[in-house]
Amino acid sequence: MAGLGVNIDHVATVRQARMTVEPDPVWAAAEAQLGGADCITFHLRKDRRHICDRDAKLLKQTVTCKLNMEMSLDPEIVEIAVALAPTQATLVPENRREITTEGGLDVVAHADRVTEVSRALRDAGVIVSAFIDPVGEQILAARDAGCEAIEIHTGAYANASLGPPGANPDPRKIDTTIAEIRTALQDGIDAGLIVHAGHGLTYTNIAPVASMEGFREFNIGHSIIARAIFTGLRRAVAKMKHLVA
């Protein structure tokens, strides 16, 4: 049975829109756990656009399930992660102009740095994961760099399931992206890695991915927080937990 990781970054985004104190992502983490979340995910970016240092420290002190810190390879962020020692750190690419993470980390191109960061995190007792595109070469590179887990980037499938603006989704594109995810899942398992998935997964497109045996966790943020506006976070998390279980 796969677990559900709830990304609370978008709660902090709403707070930062007014530069005030609410809504508090730390409170959101508590509500998500009450709804059945198996993991709380947050991304401490270099520019602190949503989650800030205060949030990270309080999440470490208060979250009672798995705590997953998404992070770049930036030296300052690595130093913070080593000191914080979350349960898991997921290495991601980071572009200050992007709205959200736009693709997987190119572990092949940054193999030396990923190896260095992975070693530092593992020495601090942190499980290391890499957020990568569903590409065999990247999966093997993550393993060789010392990652114990990977998170398959499901953005291409999510975009295919939406379809182009003003048009219906292309079933062939959906089938192709699903096949890529399925192959990457098996490649990751064959490589001895723990395999997670995330990015763009919603209540309406999660079923084909959730039905694949072998995924250990799905990390979902925006769709859950969007539904929570209308239903409350605890109910929104519980509904998604039912869909991925």
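Residues numbered from 1 in each chain as written. Predicted model: local features only at pLDDT ≥ 70, side-chain atom pairs only at ≥ 80, totals over all residues. Heavy atoms only, no water.

Caption draft 1: Structural view of the sheet that holds strand 4 (residues 88-91). One closed barrel accounts for eight strands, arranged 1-2-3-4-5-6-7-8; its pairing is parallel. Going from strand to strand, the sheet's axes swing by 25 degrees on average, the running direction of each strand aside. Direction of pairing for strand 7 (residues 194-198) relative to strand 8 (residues 217-220): parallel, over a ladder of three bridges. Its bridge partner lying in strand 8, Gly 198 is registered against Asn 219. (Pairing = 2+ DSSP bridges. Helix = DSSP H or I, 4+ residues; strand = E, 2+ residues; numbered from the N terminus. Axes fitted to C-alpha atoms, helices over the stretch in contact; angles between N-to-C directions.)

Caption draft 2: Here's a closer look at the pattern of salt bridges. Under the counting rule described, the total for this entry stands at 14 salt bridges. Of the charged contacts, one joins Asp 74 and Lys 46 as a salt bridge, the two residues approaching to 3.4 Å between their closest N and O atoms. Here Asp 74, found in the loop between strand 3 (66-71) and helix 4 (75-84), pairs with Lys 46, found in the loop between strand 2 (39-43) and helix 3 (53-62); they are 28 residues apart in sequence, far enough to count as distant. Between Arg 49 and Asp 47 there is a salt bridge, with its nearest N and O atoms 3.3 Å apart. Taking relative accessible area as the criterion, Arg 49 reaches 23% and is therefore assigned partly exposed. By relative accessible area, Asp 47 is classed as partly exposed at 30%. Residues participating in the shared-partner salt-bridge network are Lys 46, Arg 48, Asp 53, Asp 74 and Glu 76. (Salt bridge = Lys/Arg side-chain N within 4 Å of Asp/Glu carboxyl O. Buried < 20%, exposed > 50% of the residue type's maximum accessible area, 1.4 Å probe, protein only.)

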